Amino acid sequence: MLILVTYDVSTETKEGRGRLRRVAKICESYGQRVQKSVFECQVDPATRAKLRTRLLGAIKPEEDSLRFYVMGESGFRNVEHHGLKPSQDMRGTLIV
C-alpha cells in the first residue's frame, strides 16, 4: 500500500532540530522524499506498523505533528504532480 507521511517538527531548540533529522532519516529508510517534510512510502501492513512505531518514538507530541495518509494500492494512479522531483514507481524493481 502507498502511504504519505507528513511531519512538522518544532526546530526552535537544538533538541527539536535533532528530532527533525531523526524523523527525516527514519522516513528516508522507508520511502522517497517528495517535498521537504513529505514522503511517499510503499509498505506492507507490518512495515507500516514498524514505521509508525519508530516515528511516534522520535517525535514530541506536544510540540510536533505527524500524519499518515493511506493511499491504498492504486495510490500512484491518483497522484498528479507538477514541477521538481517526479515520483518514482516504488512497485516495480528498484536497482540501487
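Residues numbered from 1 in each chain as written. Predicted model: local features only at pLDDT ≥ 70, side-chain atom pairs only at ≥ 80, totals over all residues. Heavy atoms only, no water.

Going by the annotation in an unreviewed UniProt entry, the name recorded for the protein chain is CRISPR-associated endoribonuclease Cas2, with Acanthopleuribacter pedis given as the source organism.

## Remarks on helix α1 (residues 14-28)
In this model α1 runs 21 Å from its N-terminal to its C-terminal C-alpha over 15 residues, within 8% of the 21 Å that 1.5 Å per residue would give. Of all the positions in α1, only Gly-16, Gly-18, Arg-19, Val-23, Ala-24, Ile-26 and Cys-27 are classed as buried. Where α1 is buried, its residues touch β1 (2-8), β2 (32-35), β3 (38-42) and α2 (45-58). (Helix = DSSP H or I, 4+ residues; strand = E, 2+ residues; numbered from the N terminus. Expected span 1.5 Å × (residues − 1). Buried < 20%, exposed > 50% of the residue type's maximum accessible area, 1.4 Å probe, protein only. Contact = heavy atoms within 4.5 Å.)

## As for the pairing of β1
Buried residues dominate β1, accounting for six of its seven residues. Taken together, the five bridges between β1 and β3 define a ladder with antiparallel strand orientation. Opposite Thr-6, over in β3, you have Val-38 as the bridge partner. (Pairing = 2+ DSSP bridges.)

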